[in-house]
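Given next are the chains, with one letter for each unit.
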Amino acid sequence: MGIRASGIHKQFGAHAALAGVDLDIAEGELIALLGPSGSGKTTLLRIIAGLEHADAGTIALRGEDATLTRVQDRGVGFVFQHYALFKHLTVFENVAYGLRVRPRRTRPTETQIRARVLELLHLVQLDGLEGRYPAQLSGGQRQRVALARALAIDPTVLLLDEPFGALDAKVRKELRRWLREIHHKTGQTTVFVTHDQDEALELADRVAILNRGRLEQVGSADDIYDNPASAFVMGFVGDATALPVQVRHGRPYLDGEALAIPATPCADGAGHLYLRPGGVALAPAGRGHLQGTVTSVRRTGAGRRAEITVAGLVVDIDVPHGAVVAQGADAGITVERCWIFPA
């Protein structure tokens, strides 16, 4: 096991940042901590790093208890959102910093330091920029320097706190692909914090979703998206519309009408029927499982998406290329897949 967090509790005044979190991360795994602001993801990352200490619970790194180990003795590489580079040092010296401050008995020679720094700058595609200063680099280049500096010490684990949060959308997309390639090359156990669900689903081997200091679900991108464990996960990951229903004898009722749809099992009582754009299809008026009115049709990249108002709520539907959809027209919705969770 690369990292094991057991029963982690952390309180800030009256606020419970973490409330009994258990998380196992395999050696060499790339895992994302995903959740809204205030969910506890950065606090958990900082506790793994030793930058914060839990009020209760333990942290083990590679099978050894590190709960009381000092941050400088954990062998952790940490990459901050805003780079935290030394402005007065060149790219070379920023990357070499962690090696130079080691105790004399474990400090590499100058020749070894130079070889290691140049090897890492090649890995992060910054060959030839070792003499520049951070102010002379783009945001994406600074983030690469920060990653190279974290890798220089051969960390036990690599921790990244919203590493692409300060970058524009195009650069973020490029660096996502690049980080995945770096992970394949290094095999480093890596944990990164993000509030960007696309980033988490695209990059991570597994995603751990936090909400109000608790783990809601841990799983692969497919598990999280196709088999959400709770209404929170359903509403937080991906686009979804929640229609209020009553469940009677296992069947959902909307505005008193029974719906013959393929839904996940749910206990009787008040619930919410969740629909995703890819799980529903447009049907002629009077047909399908639901009836509504076309509110709008908009472009979404290479496709189009229609908004159908049903029971006062908007259901998004991906419209096939060439389909004619008129705003204000009545339309049916065929439900191919949906989920029901208790209200």
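It should be noted that the structure appears before, not after, this text.
A.B. asks: Explanation requested: a nonpolar patch on the surface in the structure shown.
C.D. replies: A cluster of nonpolar side chains, contributed by Leu51, Val71 and Phe80, occupies part of the molecular surface with about 200 Å² of accessible area. On the secondary structure map, Phe80 appears in the loop between strand 6 (76-79) and helix 2 (91-100).

A.B. asks: Looking at this model, I keep getting lost on the pattern of salt bridges. Mind explaining?
C.D. replies: Any two side chains of opposite charge can pair, so long as their charged atoms come close to each other. Under the defined criterion, the tally for this structure stands at 20 salt bridges. Between Asp55 and Lys10 there is a salt bridge; the shortest N-O distance is 3.9 Å. Taken together, the positions of Asp55 in the loop between helix 1 (41-49) and strand 4 (56-61) and Lys10 in strand 1 (residues 3-12) put the pair 45 residues apart, joining distant regions of the chain. Residue classification places Lys10 among the buried positions, given a relative accessible area of 11%.

A.B. asks: Would you mind showing me how to read the sheet that holds strand 9 (residues 206-211) here?
C.D. replies: Strand-to-strand pairing in sheets goes through backbone hydrogen bonds, with the strands running parallel or antiparallel. On the basis of which strands lie adjacent, the open sheet formed by six strands has the order 6-7-8-3-9-10 and mixed pairing. The sheet is open, and its two borders are formed by strand 6 and strand 10 (214-219), each paired with just one other strand. Taken over all neighbouring pairs, the strand axes of this sheet differ in orientation by 20° on average, direction set aside. Here strand 6 runs beside strand 7 (residues 157-161); their pairing, made up of four bridges, is parallel. Across the sheet, Val76 pairs through a bridge with Val157, a residue of strand 7. Most of the contacts of helix 1 go to strand 7, to which it runs at about 150°, and overall it touches strand 3 (30-34), strand 6, strand 7, strand 8 (190-194) and strand 9.

A.B. asks: What should I look at first to understand the pairing of strand 2 (residues 15-25) in this one?
C.D. replies: Remember that side chains alternate between the two faces of the sheet whenever the strand is regular. Taken together, the eight bridges between strand 1 and strand 2 define a ladder with antiparallel strand orientation. In the strand pairing of strand 2, Phe12 is matched with His15. Where strand 1 folds back onto strand 2 in an antiparallel hairpin, the turn is made up of two residues, including Gly13, whose phi is positive at roughly 65°.

A.B. asks: Would you take a moment to explain helix 4 (residues 139-152) for this structure?
C.D. replies: Each α-helix turn comprises 3.6 residues. Residues three or four places apart therefore point the same way. The end-to-end C-alpha separation of helix 4 is 20 Å, in line with the 20 Å expected for 14 residues at 1.5 Å each. Of all 14 residues making up helix 4, eleven are buried, and the element is well covered by its neighbours. Buried within helix 4 are the following residues: Gly140, Gln143, Arg144, Val145, Ala146, Leu147, Ala148, Arg149, Ala150, Leu151 and Ala152. Elements that come into contact with the buried residues of helix 4 comprise strand 6, helix 2, helix 3 (110-123), strand 7 and helix 5 (169-186). Two residues or fewer past helix 4, Asp154 is found with a positive phi of approximately 50°.

A.B. asks: It is not clear to me how the packing of aromatic side chains should be interpreted in this structure. Could you clarify?
C.D. replies: To describe a pair of aromatic rings, you give the distance between the ring centres and the angle between the ring planes. All chains considered together, the criterion is met by four aromatic pairs. A ring pair is formed by Phe232 and Phe236, whose centres lie 5.4 Å apart and whose planes are at 10°; its orientation type is stacked. Placement of the pair is Phe232 and Phe236 together in helix 8 (residues 231-236), with a separation of four residues, close to one helical turn. Against the face of Tyr253 rests Arg248, its NZ or CZ located 4.4 Å from the ring centre. Positioned over the ring face of Tyr225 is Arg276, at 4.0 Å from the centre of the ring.

Cut-off values and rules
Residues numbered from 1 in each chain as written. Predicted model: local features only at pLDDT ≥ 70, side-chain atom pairs only at ≥ 80, totals over all residues. Heavy atoms only, no water. Patch = residues over 30% accessible without salt bridge, like charges linked within 9 Å, V, L, I, M, F, W, Y side chains within 5 Å. Areas by Shrake-Rupley, 256 points an atom, 1.4 Å probe, with all protein chains shown as cover. Salt bridge = Lys/Arg side-chain N within 4 Å of Asp/Glu carboxyl O. Helix = DSSP H or I, 4+ residues; strand = E, 2+ residues; numbered from the N terminus. Buried < 20%, exposed > 50% of the residue type's maximum accessible area, 1.4 Å probe, protein only. Pairing = 2+ DSSP bridges. Axes fitted to C-alpha atoms, helices over the stretch in contact; angles between N-to-C directions. Contact = heavy atoms within 4.5 Å. Expected span 1.5 Å × (residues − 1). Phe/Tyr/Trp six-rings, centres within 6.5 Å; stacked < 30°, edge-to-face > 60°. Lys NZ or Arg CZ within 6 Å of the ring centre and 35° of its normal.

Any functional reading would require information beyond the geometric quantities listed.
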